[in-house]
Amino acid sequence: QVQVVESGGGLVQAGESLRLSCGTSGRTVSIAAMGWYRQAPGKERELVALLRTGASAVYGDSVKGRFNISRNKAYNTSYLQMNSLKPEDTAVYYCSMTTNFGAVLWGQGTQVTVSS
């Protein structure tokens, strides 16, 4: 069984930066895509960033120019660098990984809180 684990969330002030990390544990799998999503209280889960193998990254409109997704393919690790954070970025951030067989794996989420 494969588990997805996020880390790096926390409390920061507006304008500061955070870096989230995501990795897998358990059985080795080949990952076709890695993504980050977030869900704020009372809102639906939304795409933050998505990186498919061989393709350019895709970002949600609200984070373009501020967030950057990267991956270490050798270690099935994904990173989300978040700069110029705003209070509206406050949410639980979830990492997703899509295997080569199409299975989507989710982490448990990490809380990011941005104070004004």
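Look above for the structure.
Residues numbered from 1 in each chain as written. Predicted model: local features only at pLDDT ≥ 70, side-chain atom pairs only at ≥ 80, totals over all residues. Heavy atoms only, no water.

Asks: Any chance you could explain the pattern of salt bridges here in plain terms?
Replies: Two side chains that carry opposite charge are able to pair once their charged atoms sit near each other. Summed over the entire model, instances satisfying the criterion amount to four salt bridges. Notably, a salt bridge pairs lysine 64 with aspartate 61, separated by 3.1 Å at the nearest N-O pair. Between aspartate 89 and arginine 66 there is a salt bridge, and its shortest N-O distance comes to 2.8 Å. Of the two residues, aspartate 89 sits in the loop between strand 8 (77–82) and strand 9 (91–99) while arginine 66 sits in the loop between strand 6 (58–59) and strand 7 (67–72), which places them 23 residues apart along the sequence. For aspartate 89, a relative accessible area of 1% corresponds to the buried category. If you follow the salt bridges from partner to partner, you end up with Arg38, Glu46, Arg66 and Asp89 in one network. (Salt bridge = Lys/Arg side-chain N within 4 Å of Asp/Glu carboxyl O. Helix = DSSP H or I, 4+ residues; strand = E, 2+ residues; numbered from the N terminus. Buried < 20%, exposed > 50% of the residue type's maximum accessible area, 1.4 Å probe, protein only.)

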